[in-house]
Amino acid sequence: MGTDVLARFTDRLGRRIAIYVYDPSWYSALLEMYRTFDPSQQAQGIPPLHPLRMERWLQTLLEEGINVVAACDGRVVGHAVLVPDRADAYELAIFVHQDFQGAGIGSRLLRALLELGRQRGVREVWLSVETWNHRALSLYRNAGFRKVEGDQWEQIWKLELHAPTG
Amino acid sequence: MRPVLWLVDRPESWQAFRYALELAARRRSGLVVVCDSDLAGRARSEAEAYRVPVEVRTPVGEPPEVLLVRTAEEEGAELIVAASRTPTGKVVLGDRLTALLLNAPGPVVVFKPPRPS
């Protein structure tokens with residue numbers, strides 16, 4: 001398994017979690033996370049329900065984006081990605097497996113990804129979120145994102161990253 | 001029973017337009033396109049290749065969704081619209097499209113691009 005560790009911590013249920021920069025040695029464990037992902041937790045059409053579409057979607061994220069994974073005992077339990085758009089900004093998506101939600105992993109995963117993005121020159125991050133997805137909204141708010149657009153269904157949130165000092 | 005398409009100048013909307021042309025060609029029904037006047041010429045010339053008679057309607061002094069709902073009512077056929085897809089693959093509907101879903105008199109076909117556009 002990959003060894004590029006960004007953070008190690010114990011989650012709220014006492015499980016040892018490590019966050020890694022994604023490399024291809026994580027692929028099958030990451031795919032397994034999405035294979036067992038609760039379909040009712042799908043948001044805005046991702047991860048796709050159809051297994052083949054899901055794999056194709058995941059491969060696109062891995063090819064085009066900056067990816068980090070959260071792992072527990074060799075199992076991938078979370079995944080976050082920044083995918084570039086055409087305007088020199090990056091769209092964020094983040095997933096935590098249902099067995100590991102509510103334990104503080106999402107916020108650590110998000111923080112690690114944003115720091116990695118900052119080091120790789122990402123300066124503007126945005127995301128789309130459904131108005132009723134309160135867990136996601138508070139995660140983004142706590143990470144410093146601010147709402148820039150919103151209607152009754154979807155909101156766009158943004159965060160500016162500053163260049164690393166020194 | 002001509003399908004009614006909402007065309008805007010975005011790649012996924014042009015893809016939806018081609019889908020609608022294929023549908024109309026198979027059905028031999030013709031197609032009604034609701035769009036701004038500056039898209040009418042390109043829409044007509046693309047439709048020629050499919051040999052589908054296209055009627056273009058342009059909203060004047062009203063939001064496009066009002067004209068779309070009225071046109072779909074008159075035609076008694078489905079409304080075809082396009083959703084957009086973000087770089088991470090999320091499907092974004094937006095206010096206007098959701099208003100159409102709720103107000104259309106009949107079925108609505110939401111065309112989703114397979115890839116972000």
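It should be noted that the structure appears before, not after, this text.
In this text the structure is predicted, and so the values were computed from the model without any measurement.

Take the sheet that holds strand β6 (residues 124–130) of chain A next. All names here are of chain A. The eight strands lie next to each other as β1-β2-β3-β4-β5-β6-β8-β7, forming an open sheet whose pairing is mixed. Since the sheet does not close on itself, it has two edges, and those belong to β1 (5–10) and β7 (146–150), each with one partner. For this sheet the average axis-to-axis angle between neighbouring strands, irrespective of direction, equals 25°. Sheet topology note: the strand β5 (residues 90–96)/β6 ladder contains two bridges and is parallel. What sits directly across from glutamate 91, in β6, is tryptophan 126. Taken strand by strand, helix α3 (residues 105–119) contacts β1, β2 (16–21), β3 (66–72), β4 (75–84), β5, β6 and β8 (154–160), and its axis lies near 145° from that of β3. Sheet contacts for helix α4 (residues 134–142): β5, β6, β7 and β8; angle to β6, the most-contacted strand, approximately 160°.

In this complex, chain A contributes 19 residues to the contact, which on the side of chain B involves 14 residues. On the chain A side of the contact with chain B, Glu91, Trp153 and Glu154 of chain A bury the most area, a combined 32% of that side's loss. Counting the contacts that link chain A with chain B gives nine residue pairs in polar contact (both at pLDDT 80 or more). For the side of chain A that touches chain B, the elements supplying multiple residues, two or more each, are α2 (51–64), β4, β5 and β6 of chain A. With four residues, the single largest contributor to the side of chain A that touches chain B is α2 of chain A. Each residue belonging to the side of chain A that touches chain B can be placed in one class, and the counts come to nine nonpolar, four polar and six charged.

For the rest of this paragraph, the subject is the packing of helix α1 (residues 11–27) of chain B against helix α2 (residues 37–48) of chain B. When two helices pack together, their arrangement is given by the angle between their axes and by how far apart the axes lie. All names here are of chain B. Between α1 and α2, whose axes approach to 11 Å, the crossing angle comes to 40°. If you check the angle between α1 and α2, you find them oblique. Crossing of α1 over α2 shows right-handed handedness. Of the residues in α2, those touching α1 at Trp14, Phe17, Arg18 and Leu21 are Leu39, Arg42, Ala43, Glu46 and Ala47. Taken together, the residues of the contact of α1 with α2 break down into six nonpolar, no polar and three charged.

The next thing to look at is the nonpolar core. All names here are of chain A. In this structure, Ile19, Leu82, Leu92, Leu109, Val125, Tyr140 and Phe145 are the most contacted members of the largest nonpolar core, which totals 36 residues. In contact with leucine 109, not counting residues within four places along its chain, are Ile19, Val68, Val69, Ala70, Gly78, His79, Ala80, Ile94, Phe95 and Val96. In this structure, Tyr22, Ile46, Leu58 and Ala93 belong to the second largest nonpolar core, which totals 23 residues.

This next bit is on the packing of helix α3 (residues 64–75) of chain B against helix α4 (residues 94–103) of chain B. All names here are of chain B. It is the contact of α3 with α4, at a shortest axis distance of 10 Å, that shows an interaxial angle of 25°. Relative to α4, the element α3 is oriented roughly parallel. Judged by the twist between their axes, the crossing of α3 over α4 is right-handed. Across from Pro64, Glu65, Leu68 and Val69 in α3, the residues of α4 making contact are Arg96, Leu100 and Asn103. Residue composition of the contact of α3 with α4, by class: four nonpolar, one polar and two charged.

Turning our attention to the pairing of β7 of chain A. Sheet topology places β7 of chain A next to β8 of chain A; four bridges connect them, and they run antiparallel. Note on β8 of chain A: the bridge partner recorded for arginine 146 of chain A is lysine 158 of chain A.

Okay, α4 of chain B next. Turning to α4 of chain B, its buried residues are Gly94, Leu97, Thr98 and Leu100 of chain B. An end-on view of α4 of chain B places all buried positions within 155° of arc, on one side of the element. Pointing more than 90 degrees away from the buried face of α4 of chain B are the exposed residues Leu102 and Asn103 of chain B. Where the residues of α4 of chain B are buried, they touch β8 of chain A together with β1 (4–6), α3, β4 (79–82), β6 (91–92) and β7 (108–111) of chain B.

Reading the values: rules and limits
Residues numbered from 1 in each chain as written. Chains lettered and ligands numbered in written order. Predicted model: local features only at pLDDT ≥ 70, side-chain atom pairs only at ≥ 80, totals over all residues. Heavy atoms only, no water. Pairing = 2+ DSSP bridges. Helix = DSSP H or I, 4+ residues; strand = E, 2+ residues; numbered from the N terminus. Axes fitted to C-alpha atoms, helices over the stretch in contact; angles between N-to-C directions. Contact = heavy atoms within 4.5 Å. Buried area = accessible area lost by both parts, 1.4 Å probe. Polar contact = N/O pair within 3.5 Å; in protein donor to acceptor, adjacent residues only side chain to side chain. Nonpolar A, V, L, I, M, F, W, Y, C, P; charged D, E, K, R; others polar. Parallel < 35°, antiparallel > 145°, perpendicular 65-115°, else oblique. Left-handed = near helix turned anticlockwise from the far one by under 90°. Core = buried A, V, L, I, M, F, W, Y, C linked by side-chain atoms within 4.5 Å. Buried < 20%, exposed > 50% of the residue type's maximum accessible area, 1.4 Å probe, protein only. Arc of directions from axis to C-beta.

No statement about biological role is implied by the geometric values presented.
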